[in-house]
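The residues making up each chain are set out below.
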Amino acid sequence: MSNDKVVIIGGGISGLTAAWELTRGGREVVLLERRNVLGGLARSTQLNDKPIEVYYHFICGGDRHLVELVDELGLANDLHWRPGRTSYFVGDRLYPFSTPGDILRFSPTGLLSRLRFGLHALRCRRMANWQQIEHLTAKDWLIASVGSEAYEVIWQPLLEIKFGRYYDRVSALWIWHRLHRLSQSRRSVLRPDQLGYLTGGSQTLLAALAAEITAAGGVIRTGVAATGLACAGDKVVGVESSAGYYEADAIVSAVPLPELLALLPGDSSYARGLAATDFAHVACIRLALRRSLTGSFWVNVNSPQVPFNGFVEYSNLNPWRQYGGAEVLYVPFYLNAGEERWQWSDDRLIEVSLAGLSVVQPEFDGSWVAEATVSRDAYAQAICPPGFSAQVPALRAPVEGLFVLDSTQLYPADRNLSGMIGLARSVACMIAER
Ligand SMILES: Cc1cc2nc3c(=O)[nH]c(=O)nc-3n(C[C@H](O)[C@H](O)[C@H](O)COP(=O)(O)OP(=O)(O)OC[C@H]3O[C@@H](n4cnc5c(N)ncnc54)[C@H](O)[C@@H]3O)c2cc1C
């Protein structure tokens with residue numbers, strides 16, 4: 001049935017990739033995106049009349065699906081690779097933290113802790129039998145592997161950067177996979193990771209995809225929210241939306257699981273399964289600076305005077321200053337819904353971020369800041385406790401014609417653009433084969 005009507009809900013990277021695959025395969029595709037801009041977590045806004053991502057994005061050496069898509073869209077010349085330097089601010093000092101030599105010289109921990117930390121990271125590169133750690137939390141596994149000191153000084157702040165107060169619930173498998181993915185960005189263990197970026201950021205990829213979809217006859221409707229799925233018996237037949245009803249032979253949900261849950265009619269064991277996954281929210285401060293703060297791309301922080309666990313000096317990877325005229329720095333706060341800081345105003349978040357940065361770099365003050373903004377997303381990071389694989393939803397939902405794309409399906413891999421492109425292509429194949 002090449003004239004199948006497919007409605008795609010969500011205009012992030014996964015919805016757009018699925019829309020492109022299906023449109024060029026001859027399906028009649030409508031994509032609904034609630035916001036007025038496409039891109040979801042990878043969306044951009046404007047700074048100095050140039051697109052700038054609301055959240056930092058980098059590409060890893062193993063991000064095969066993304067690199068292939070970039071090639072297919074004729075964007076290979078926009079993809080660049082550079083060393084992504086990491087530092088660690090501990091107590092009152094910044095330490096380089098990119099190479100084995102840096103780790104050996106990392107004096108906030110004793111020599112034995114440094115050796116255990118480094119050897120553990122090396123072992124993770126080669127470890128294939130990950131089933132043995134599936135039942136453990138990252139905290140228990142890391143303390144057993146590197147000792148309490150290296151865990152508390154190095155690992156715990158890294159977990160808190162990503163999961164906020166959920167940090168001690170995360171599975172060991174998740175952290176192992178993250179180490180494994182990053183190791184694929186390293187040409188030699190002695191050099192810093194080679195990380196990738198696109199000229200113009202993720203927006204370059206998203207805009208190219210949107211243009212291809214439209215050119216192939218697909219319809220993209222921004223500013224339109226899906227409000228419910230219509231079913232006949234155990235089969236989907238359409239989508240209710242803020243712009244009316246869309247008939248559908250197949251529906252692709254490319255929204256976070258709690259958003260899908262709100263669209264499903266009635267109660268079901270499937271809906272209750274989706275509700276079991278918790279998500280951390282993100283509030284991320286983006287600063288346009290007149291000067292760079294450190295020479296690093298990624299700075300981890302472990303200091304009682306600094307109210308965050310790290311920040312990202314994006315223009316030390318993507319030299320945004322060359323075409324945008326500013327140094328770009330992000331301070332992410334991963335928070336849970338009940339946490340007081342999630343309720344804080346943007347001004348308050350900016351104020352505490354600036355105060356924290358002035359601890360890291362005492363010369364830093366408000367005169368360095370050309371612009372400060374805050375972006376927020378409620379479903380930024382799924383929390384994956386031990387045994388999480390059992391609660392990951394399948395690509396094909398137990399309702400005929402409904403397909404689901406969500407970053408939990410990448411588990412044990414972390415959410416990432418490349419993985420979502422791969423999953424979206426799999427869903428497009430399933431629909432094409434129906
Ligand atoms: C701070 C941060 C940093 C990150 N850094 C990286 C990185 O360096 N590298 C990397 O690879 N990945 C990174 N990611 C992850 C990456 O951004 C995500 O994995 C990816 O963007 C998810 O895409 P998606 O299309 O699956 O979902 P989303 O991007 O969440 O898109 C879902 C879309 O659905 C829309 N929507 C929701 N409900 C409805 C509705 N009812 N009707 C219509 N539309 C709806 C939303 O508005 C949204 O646009 C980062 C994420 C964050 C938050």
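Residues numbered from 1 in each chain as written. Predicted model: local features only at pLDDT ≥ 70, side-chain atom pairs only at ≥ 80, totals over all residues. Heavy atoms only, no water.

Q: What is the right way to read the sheet that holds strand β13 (residues 250-253) from this model?
A: Sheet strands line up and pair through hydrogen bonds in the backbone, either parallel or antiparallel. The strand order across the open sheet built from five strands is β9-β2-β1-β13-β19, with neighbouring strands paired in parallel fashion. Strand pairing shows two members of the sheet lacking a second neighbour, β9 (219-222) and β19 (402-404), which therefore form its edges. Averaged over all adjacent pairs, the angle separating strand axes in this sheet is 15°, with direction ignored. Here four bridges tie strand β2 (residues 28-33) to β9, and the two strands are oriented parallel to one another. Across the sheet, the residue bridging to L32 is R221, located in β9. Of the strands in this sheet, β1 (5-9), β2 and β9 are in contact with helix α1 (residues 13-24), which crosses β2 at around 165°. The strands touched by helix α14 (residues 417-432) are β1, β13 and β19; relative to β19, the strand with the most contacts, the crossing angle is about 165°. (Pairing = 2+ DSSP bridges. Helix = DSSP H or I, 4+ residues; strand = E, 2+ residues; numbered from the N terminus. Axes fitted to C-alpha atoms, helices over the stretch in contact; angles between N-to-C directions. Contact = heavy atoms within 4.5 Å.)

Q: Help me out: how do you make sense of the site of the ligand in this one?
A: By nearness alone, 30 residues border the ligand, and S14, E33, L41, H57 and F58 come closest of all. Contact distances for the ligand include 3.2 Å between an oxygen atom and a side-chain N or O atom of R35. Within the backbone of L41, a nitrogen or oxygen atom sits 2.8 Å from an oxygen atom of the ligand. In isolation the ligand has 1,000 Å² of accessible area, and contact with the protein removes 95% of it. Put simply, the parts of the chain that give the shell around the ligand at least two residues each are α1, β2 and α14. Considered class by class, the residues forming the shell around the ligand number 16 nonpolar, eight polar and six charged. (Near = heavy atom within 4 Å. Polar contact = N/O pair within 3.5 Å; in protein donor to acceptor, adjacent residues only side chain to side chain. Areas by Shrake-Rupley, 256 points an atom, 1.4 Å probe, with all protein chains shown as cover. Nonpolar A, V, L, I, M, F, W, Y, C, P; charged D, E, K, R; others polar.)

Q: Can you walk me through the domain arrangement of the chain in this structure?
A: Taken domain by domain, the chain comprises domain 1 (5-57 + 201-277 + 388-432), domain 2 (99-191) and domain 3 (195-199 + 279-382). Across the boundary between the two partners, domain 1 contributes 27 residues, which contact 28 residues of domain 3. A buried area of about 2,300 Å², summed over both sides, lies between domain 1 and domain 3, and 59% of it is on carbon and sulfur atoms. Three residues, L47, Y55 and Y56, lead the burial of domain 1 against domain 3; their summed loss comes to 29% of the area buried on that side. If you look at where domain 1 meets domain 3, you find two salt bridges. Between D377 and R35 there is a salt bridge, and its shortest N-O distance comes to 3.1 Å. Linking domain 1 with domain 3 are 11 residue pairs in polar contact (both at pLDDT 80 or more), by the criterion used here. (Domains from an automatic or database assignment. Buried area = accessible area lost by both parts, 1.4 Å probe. Salt bridge = Lys/Arg side-chain N within 4 Å of Asp/Glu carboxyl O.)

Q: Sorry, what's going on with the pairing of β2 here?
A: Looking along a regular strand, one sees side chains alternate from face to face of the sheet. With five of six residues buried, β2 is to be regarded as a mostly interior element. Here β1 pairs with β2 via five bridges, running parallel. Paired with I9 across the bridge in β2 is L32. A crossover links β1 with its parallel partner β2, the connecting element being α1, and its sense is right-handed. (Buried < 20%, exposed > 50% of the residue type's maximum accessible area, 1.4 Å probe, protein only. Right-handed = clockwise from strand over helix to strand, strands pointing away.)

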